[in-house]
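Each chain is listed here by its residues.
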Amino acid sequence: MKFFIPLGFRYNKGRDGDYSLISSIYGPYGDDKAVREAIARLWPDDNNERFLVFDGQIVDGKPSAKEKPDSEKRAPGNMDNYVKDGEAYKCKGCGGAILGRLVGHPVHLREMPDARLGECRYETALYCPNCEKEPDFHGAPVYA
């Protein structure tokens, strides 16, 4: 797999060479041709821009030994499964740290249940990444 980094604008030309600001990494791309096409598409009129192109691979981190298979994970958010540990919560089952995930709830009009107001209300849903399924970002509607 190929990746590239635009080296940004040269902001200092000194005796040690040009210094550049490094920004986002783009990729993965299958080959050099795909990288050149992406650069041409994203920077169509800039022939002064320079890029660092490199080979790489994406690897997953080592999974937790405490993590259950997805088929054995329970639904998230039951506070009876957590215990307070100082300022944070831990899972009673595995002792792992409890995480929070932002969940958005679309606001609907009470008088017309399918009519949306075009806004969302957000909450942080708690879950154990080892024992529970990650909460879905798209939460149930709330009514105003």
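Right, let's walk through the structure included here. (Residues numbered from 1 in each chain as written. Predicted model: local features only at pLDDT ≥ 70, side-chain atom pairs only at ≥ 80, totals over all residues. Heavy atoms only, no water.)

### Details of the sheet that holds strand β8 (residues 99-108)
Stage number 1. Strand order across the open sheet formed by three strands is β9-β8-β10, with mixed pairing between neighbours. This sheet does not close on itself; its edge strands, each paired only once, are β9 (116-127) and β10 (142-143).
Stage number 2. Across two bridges, the pairing between β8 and β10 is parallel. In the strand pairing of β10, His108 is matched with Tyr143. (Pairing = 2+ DSSP bridges. Helix = DSSP H or I, 4+ residues; strand = E, 2+ residues; numbered from the N terminus.)

### Overview of the pairing of strand β6 (residues 82-85)
Stage number 1. Examined bridge by bridge, β6 and strand β7 (residues 88-91) share four bridges and lie antiparallel to one another. Across the sheet, residue Lys84 finds its bridge partner in β7, namely Tyr89.
Stage number 2. As consecutive antiparallel partners, β6 and β7 are separated by two residues, and within that stretch Gly86 has a phi angle of approximately 70°, a positive value.

### With respect to the pattern of salt bridges
Stage number 1. Within the structure shown, the criterion is met by eight salt bridges.
Stage number 2. Taking the shortest distance from any N to any O, the salt bridge between Asp32 and Lys2 comes out at 3.3 Å. Placement of the pair is Asp32 in helix α1 (residues 32-42) and Lys2 in strand β1 (residues 2-6), with a sequence separation of 30 residues.
Stage number 3. Assessed through its relative accessible area of 36%, Asp32 is described here as partly exposed.
Stage number 4. Between Lys73 and Asp70 there is a salt bridge, with its nearest N and O atoms 3.8 Å apart.
Stage number 5. Residue Lys73 is classed as buried on the basis of its relative accessible area, which comes to 10%.
Stage number 6. Given the relative accessible area of 59%, Asp70 is considered exposed.
Stage number 7. A cluster of three or more residues bridged by salt bridges with shared partners is formed by Lys2, Asp32 and Asp55. (Salt bridge = Lys/Arg side-chain N within 4 Å of Asp/Glu carboxyl O. Buried < 20%, exposed > 50% of the residue type's maximum accessible area, 1.4 Å probe, protein only.)

### Points about the sheet that holds β1
Stage number 1. Strand order across the open sheet formed by three strands is β4-β1-β5, with antiparallel pairing between neighbours. In this open sheet, the two edge strands, each paired with only one partner strand, are β4 (26-29) and β5 (51-55). Adjacent strand axes in the sheet meet at a mean angle of 20° when their direction is disregarded.
Stage number 2. Relative to β4, β1 is paired through two bridges, and the arrangement is antiparallel. Note that in β4 the partner of Phe4 across the bridge is Tyr26.
Stage number 3. Sheet contacts for α1: β1, β4 and β5; angle to β1, the most-contacted strand, approximately 30°. (Axes fitted to C-alpha atoms, helices over the stretch in contact; angles between N-to-C directions. Contact = heavy atoms within 4.5 Å.)

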